[in-house]
Amino acid sequence: MSTDAVTLSVDNRGIATVALNRPGLHNALDDETISLLAATLETLAEDATVRMVVLTGSGISFSAGHDPEWLRRLAEFSANELNRYAQQIARLLHTLDTLPKPTLAKVQGSAFGLGVAMVACCDITISASEALYSLADVRFGQIPALTAPYLIRAIGERATRRYSITAERFNAGKAKRLGLIHQVVENDELNAAVEHMVGQLLLNSPAAMRATKHLIGEIGKQEITPQVMQRCIEHSLTVRMSDEGREGMRALIEMRKPGWME
């Protein structure tokens, strides 16, 4: 599949690479791009042949956030039209955040605004050292209302407060220390680092990774109560009794590779 704004390729291992493809605009997002990206991710979520999703951008930037031309049109919108657009953004971030497969953000260049939120929604992020990050909504009299929940979860309330209020730019090293990204490499090492991580994920049970992601999403912010522990037990039993759960245990006992690695 290929479109003007988003490209999708799936290799023979089931690795789907989704790329924002507006390099001349630093992969800035408008309503059509946001809708297309959300629809693409929703399709991948239902595709049993896809093992994981790599999200990246074309050109020198990951995503510059909102398209300036689109913002000019947005300034003339009514409250109802603004609400519909907000729902589009909410749909995109929720879809990316809850995608039932591992997601890896390959950040080859700077990420601003909504681009930062998409990074925060991915399970794993590997960034080029030259990438910059910024939450600049307040520079334009706006607030990061739709992205804040994901940013708070990724870097904490206090850091989100600072960078959302100051709108200052910070580099990949700072982003890693904050917990927004997981690994920083030089630009010429980025492809190899992503491929290494893909290789690590391909060793794992697809069903177990999916169940693990669901479990953490369900209990992540809850107190450890008897009810929560009972839900963890139920999740554990469900996976252990599944086909992949049984196959994984047999492979361990028999000292062989499990079926999903063959």
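Residues numbered from 1 in each chain as written. Predicted model: local features only at pLDDT ≥ 70, side-chain atom pairs only at ≥ 80, totals over all residues. Heavy atoms only, no water.

Asks: Run through the overall build of the protein chain, naming residues and quoting values.
Replies: Scanning the protein chain for helices and strands turns up 11 helices and 10 strands. The C-alpha radius of gyration computed for the protein chain amounts to 19 Å, which stays within 12% of the reference 18 Å derived for 262 residues, consistent with globular compactness. Viewed in the frame of its principal axes, the protein chain has a C-alpha envelope of about 65 × 45 × 35 Å. If you take every contact in the protein chain between residues at least 6 apart in sequence, the share linking residues at least 24 apart comes to 69%. (Helix = DSSP H or I, 4+ residues; strand = E, 2+ residues; numbered from the N terminus. Rg over C-alpha atoms; globule rule 2.2 N^0.38 Å. Contact = heavy atoms within 4.5 Å.)

Asks: Break down the sheet that holds strand S8 (residues 132-134) for me, citing the residues and quoting the values.
Replies: The 4 strands lie next to each other as S4-S6-S8-S9, forming an open sheet whose pairing is mixed. The sheet is open, and its two edges are formed by strand S4 (61-63) and strand S9 (170-171), each paired on a single side. Running at roughly 105° to strand S6 (residues 110-112), helix H4 (residues 114-121) makes contact with S4, S6 and S8 of the sheet. (Pairing = 2+ DSSP bridges. Axes fitted to C-alpha atoms, helices over the stretch in contact; angles between N-to-C directions.)

Asks: Explain empty space enclosed by the protein to me, using residue names and the numbers behind them.
Replies: Evaluated as defined, the whole model comprises 1 cavity of 30 Å³ or more. There is about 30 Å³ of room inside the largest cavity. In terms of residue class, the lining of the largest cavity is made up of 5 nonpolar, no polar and 1 charged. (1 Å grid on protein atoms, 1.4 Å probe; cavity = no way out; pocket = protein on both sides within 12 Å on 5 of 7 lines; lining within 4 Å. Points joined across faces, edges and corners; volume = space filled by probe spheres on them. Nonpolar A, V, L, I, M, F, W, Y, C, P; charged D, E, K, R; others polar.)

Asks: Residue-level account of the sheet that holds strand S2 (residues 15-20), with values.
Replies: The strand order across the open sheet formed by 6 strands is S1-S2-S3-S5-S7-S10, and the pairing between neighbours is mixed. For this open sheet the edge positions go to strand S1 (6-10) and strand S10 (183-185), each flanked by a neighbour on one side alone. Strand-to-strand twist in this sheet, taken as the mean axis angle between neighbours without regard to direction, amounts to 20°. Sitting on the sheet, helix H8 (residues 190-202) is in contact with S2, strand S3 (52-57), strand S5 (103-107), strand S7 (124-128) and S10, with an inclination near 165° to S7.

Asks: Go over the packing of aromatic side chains with me, naming the residues and quoting the values.
Replies: With the rule as written, the count across this model stands at 4 aromatic pairs. Arranged with centres 5.2 Å apart and planes meeting at 70°, the rings of tryptophan 70 and tyrosine 85 form a pair that is edge-to-face. In this pair, tryptophan 70 is assigned in helix H2 (residues 68-74) and tyrosine 85 in helix H3 (residues 79-97), connecting sequence segments 15 residues apart. Taking relative accessible area as the criterion, tyrosine 85 reaches 6% and is therefore assigned buried. Here tyrosine 163 and phenylalanine 170 contribute two aromatic rings whose centre-to-centre distance is 4.6 Å and whose plane-to-plane angle is 50°, an arrangement assigned as tilted. Considered together, tyrosine 163 and phenylalanine 170 belong to a single accessibility category, that of buried residues. One aromatic cluster is present, built from ring pairs that chain together Trp70, Phe77 and Tyr85. (Phe/Tyr/Trp six-rings, centres within 6.5 Å; stacked < 30°, edge-to-face > 60°. Buried < 20%, exposed > 50% of the residue type's maximum accessible area, 1.4 Å probe, protein only.)

Asks: Hey, could you go over the pairing of S3 for me, with residue numbers and the actual values?
Replies: Counting buried positions along S3 gives 6 out of 6 residues, so the element sits mostly inside the fold. Of the two faces of S3, the one carrying Met52, Val54 and Thr56 and the one carrying Val53, Leu55 and Gly57 are both buried. As judged from the 6 bridges shared by S2 and S3, these two strands associate in the parallel manner. In the strand pairing of S3, isoleucine 15 is matched with methionine 52.

Asks: Explain the pattern of salt bridges to me, and be specific about the residues and the numbers.
Replies: Pairs may arise between side chains of opposite charge once their charged atoms sit close together. Scanning the entire structure with this criterion turns up 13 salt bridges. In this structure, arginine 72 engages glutamate 69 in a salt bridge whose closest nitrogen and oxygen atoms are separated by 2.9 Å. Here arginine 72 pairs with glutamate 69, and both are found in helix H2, just 3 residues apart, close to one helical turn. Take glutamate 69: its relative accessible area is 41%, and that puts it in the partly exposed class. Counted as one network, the salt bridges with shared partners bring together Glu247, Arg250, Glu254 and Arg256. (Salt bridge = Lys/Arg side-chain N within 4 Å of Asp/Glu carboxyl O.)

Asks: Now, about the layout of surface pockets: what can you tell me, with residues and values included?
Replies: By volume, the largest pocket amounts to about 940 Å³. What lines the largest pocket is a set of 27 residues, among which His66, Leu71, Asp137, Phe140 and Gln142 lie closest to the centre. Of all the secondary-structure elements, those providing two or more residues to the lining of the largest pocket are H2 and H3. Looking at the lining of the largest pocket element by element, the count peaks at 4 residues for H3. Considering only residue class, the lining of the largest pocket consists of 18 nonpolar, 6 polar and 3 charged. Quantified by volume, the second largest pocket comes out at close to 640 Å³. Along its surface, the second largest pocket is lined by 26 residues, and Asp97, Asp123, Arg153, Ile216 and Gly217 are the ones closest to its centre. Counting residues per element, the lining of the second largest pocket draws most heavily on helix H9 (residues 206-219), which supplies 8 residues. Counted by class, the lining of the second largest pocket contains 11 nonpolar, 8 polar and 7 charged residues. When residues of the lining of the second largest pocket are sorted by domain, at least three fall in each of domain 1 (6-202) and domain 2 (205-254). (Domains from an automatic or database assignment.)

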